[in-house]
Protein chains: 2
Amino acid sequence: MTTTIIGTGLIGGSFAIALREKGLADHIIGVDSSATNRARAKELGLVDETLPLDEAIAKSDLIVLAIPVNHIPLESIKILNNVDKQIVMDMGSTKEELCSIISQHPKRGRFVATHPMWGTERSGPDSAVQGAFAGRVTVICERERSDSDALQAVEKIYTALGMPIKYMEPEEHDMHTAYISHISHITSYALALTVLEKERENEQIFDLASAGFSTTVRLAKSSPAMWAAIFIQNKYNVLDVLRENIHQLNIIRKMLENDDYDGLYRIIEKANTISKII
Amino acid sequence: MTTTIIGTGLIGGSFAIALREKGLADHIIGVDSSATNRARAKELGLVDETLPLDEAIAKSDLIVLAIPVNHIPLESIKILNNVDKQIVMDMGSTKEELCSIISQHPKRGRFVATHPMWGTERSGPDSAVQGAFAGRVTVICERERSDSDALQAVEKIYTALGMPIKYMEPEEHDMHTAYISHISHITSYALALTVLEKERENEQIFDLASAGFSTTVRLAKSSPAMWAAIFIQNKYNVLDVLRENIHQLNIIRKMLENDDYDGLYRIIEKANTISKII
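Residues numbered from 1 in each chain as written. Chains lettered and ligands numbered in written order. Predicted model: local features only at pLDDT ≥ 70, side-chain atom pairs only at ≥ 80, totals over all residues. Heavy atoms only, no water.

## Digging into the pairing of strand β8 (residues 165–168) of chain A
Consideration 1: Burial of β8(A) is one-sided: the residues K166(A) and M168(A) facing one way are buried, the residues I165(A) and Y167(A) facing the other way are not.
Consideration 2: Once you follow strand β7 (residues 138–141) of chain A into helix α6 (residues 148–160) of chain A and on to β8(A), the crossover reads as right-handed. (Buried < 20%, exposed > 50% of the residue type's maximum accessible area, 1.4 Å probe, protein only. Helix = DSSP H or I, 4+ residues; strand = E, 2+ residues; numbered from the N terminus. Right-handed = clockwise from strand over helix to strand, strands pointing away.)

Structural data, given as structure tokens:
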């Protein structure tokens, strides 16, 4: 199967490695707006060749979108305008706007809207790793809108990668991911900004930072191109959960201002119940 | 060296294991207000025997306080009232109130105020682990207030455990740890509370939670007895940094409300600079 990967960074690059490892792609074409990334993806062996989008589409059986979510809807339309029997899939973190934009396209059936729940804080071709995706859940939205051959091909890939598949509506997906993925990035960015603002002595951060701080702040290293786009595209869900988060912090702040040890104890005990779930 | 460990939980238990492993304690006495913990600490072999505090002090060369910080100052006074040549050290996460409370005690010289920057989200004797502490920084406050034999004995222990030692004033310590350790726990508790509040479908949390969410929320499993006490005892520093954290979240919220992609991009780029430090 000849596969085109659009966006040869963390997600696209790791997907290329996984496809090749599982024998699911015999020729991989890279498409990337950055000449540096194109050269690097080839150098690293993530892709066999790089081509302009139109040439890549014509040569491919499968076309994979692994670019920031603000670019996915328009690129998807461009690709659908040019496909015949090819299968198109995306790997973006938001689904509602995308599914809405492509909903009336005559070739909608060739598209499979997916979101594999995997990532790291790194970005670019050099961040692509072997063994990504395995054991994580992948989401497929609006399965009934995809042609059955396209859906089955994509399901086969994710299954081969060791990913359990969950089927969801786009609205449902975007709401849950706001709670479970997007908000952790916002709190991590805010934590990094807080420490950078308050702690002028970098040496002390470096020396004193416990493992807890390092893991909590790790997500704050994640790419602005990827995450600014996700936040904007999932604006209403993210705002909803962000307002709740600020509310919870204000409850803690007020308890602390009132020396309310019992209140803090109770609220921490409640937070501890997260361990029953995860 | 006969050592008494007061508080046979995560920190005290792990310290007992490390002391024995490095040949720094030939007899370890456990003191714990919980009968369950005393029995369990003995069963696990963390301690050789358990005794009431006064008897333990009389038999010991070194007395280690590893209890929640709200109990450390008063226990420290009780212990200092009963020591002769013994060395007393604490392992608490706050230092200002403790150092102030013991400052006028005639036996102040026997005390070494320390904070090894290690921990996990678990608690109790069963959470004690081998290989704790190694490679992490430990802080010693007011070194000049400790007798030189006491200071040297404690320095020798931490060095044997593979911990670089930093010397700080208590005020300085409490300010830095608020930024670097205490605030990450607050943001993690708030994140857990937010998700528990907003996401009623626990199965979705479990299925969709990415590695990012799991690590960010891990600290929210930490003990209420330990952390409510730390927040209250370091109230002014923690409030200072918590207010800044809420301020940063509000900046992000406003940018999102205004669809300000460029603003979000810039602020994320700024947060990314944390990777230069940690």
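## Side note on the domain arrangement of chain A
All names here are of chain A.
Consideration 1: With domains assigned, chain A is organised as domain 1 (2–168) and domain 2 (172–276).
Consideration 2: The junction of domain 1 with domain 2 conceals about 1,500 Å² of combined surface from both sides, 62% of it contributed by carbon and sulfur atoms.
Consideration 3: Interface area lost by domain 1 to domain 2 is led by T94, E121 and M168, which between them contribute 39%.
Consideration 4: Counting the contacts that link domain 1 with domain 2 gives one salt bridge. (Domains from an automatic or database assignment. Buried area = accessible area lost by both parts, 1.4 Å probe. Salt bridge = Lys/Arg side-chain N within 4 Å of Asp/Glu carboxyl O.)

## Section: the nonpolar core
Consideration 1: By size, the foremost hydrophobic cluster in this structure holds 128 residues, and its most contacted members are I79(A), F231(A), I79(B) and F231(B).
Consideration 2: Setting aside chain neighbours within four positions, we find I79(A) in contact with I6(A), L53(A), I57(A), I63(A), L65(A) and V88(A). (Core = buried A, V, L, I, M, F, W, Y, C linked by side-chain atoms within 4.5 Å. Contact = heavy atoms within 4.5 Å.)

## Here we look at the interface of chain B and chain A
Consideration 1: Listed by partner, the interface residues are 90 residues for chain B and 90 residues for chain A.
Consideration 2: When the two sides are added together, the surface that chain B and chain A hide from each other amounts to roughly 8,800 Å², 72% of it contributed by carbon and sulfur.
Consideration 3: The tally of links from chain B across to chain A stands at six salt bridges.
Consideration 4: Residues D259(B) and K235(A) are paired through a salt bridge, measuring 3.1 Å at the closest nitrogen-oxygen approach.
Consideration 5: Looking at the side of chain B that touches chain A, the elements with two or more residues in it are β8 (165–168), α7 (170–198), α8 (202–208), α9 (211–218), α10 (224–233), α11 (235–257) and α12 (261–272) of chain B.
Consideration 6: The biggest single contributor to the side of chain B that touches chain A is α7(B), with 19 residues.

## Digging into the sheet that holds strand β5 (residues 87–90) of chain B
Strand pairing in a sheet relies on backbone hydrogen bonds, with the paired strands running either antiparallel or parallel.
Residue and element names in this part refer to chain B.
Consideration 1: Overall, mixed pairing links the eight strands, which are arranged β3-β2-β1-β4-β5-β6-β7-β8 in an open sheet. In this open sheet, the two strands that pair with only one neighbour each are β3 (49–50) and β8.
Consideration 2: As paired elements, β5 and strand β6 (residues 111–116) share three bridges and run parallel to each other. Considered in β6, the bridge of V88 is made with F111.
Consideration 3: Contacts between helix α6 (residues 148–160) and the sheet are confined to β4 (62–65), β5, β6, β7 (138–141) and β8, with β5 contributing the most and set at about 50° to the helix. (Pairing = 2+ DSSP bridges. Axes fitted to C-alpha atoms, helices over the stretch in contact; angles between N-to-C directions.)

## Observations concerning the side chain of Q248(A)
Consideration 1: Here Q248(A) lies in helix α11 (residues 235–257).
Consideration 2: The class of Q248(A) is buried, set by a relative accessible area of 5%.
Consideration 3: When sequence neighbours within four positions are dropped, the list of residues in contact with Q248(A) reads I267(A), A190(B), L193(B), T194(B) and E197(B).

## Quick notes on the relation of the copies chain B and chain A
Consideration 1: By a simple turn and slide, chain B fits onto chain A: the slide is 0.0 Å along the axis, the RMSD is 0.0 Å, and the turn is 180°. Taken together, the rotation and translation describe the operation of a two-fold axis. Across chain B, the rotation axis passes nearest the C-alpha of T216(B), at a separation of 2.3 Å.
Consideration 2: Take the interface residues of chain B: 100% of them recur as interface residues in chain A, which is what a same-surface contact looks like. (Least-squares fit on C-alpha atoms with pLDDT ≥ 70 in both.)

## Here we look at helix α1 (residues 10–21) of chain B
All names here are of chain B.
Consideration 1: With twelve residues, α1 extends 16 Å from end C-alpha to end C-alpha; this agrees with the ideal 16 Å at 1.5 Å per step.
Consideration 2: When you tally the buried positions in α1, you get nine out of twelve residues, the bulk of the element.
Consideration 3: All of the buried residues along α1 are L10, I11, G12, G13, S14, F15, A16, A18 and L19.
Consideration 4: Residues of α1 that are buried make contact with β1 (2–6), β2 (27–31), β4, β5 and α6.
Consideration 5: Backbone geometry just after α1 places G23 at a positive phi near 65°. (Expected span 1.5 Å × (residues − 1).)

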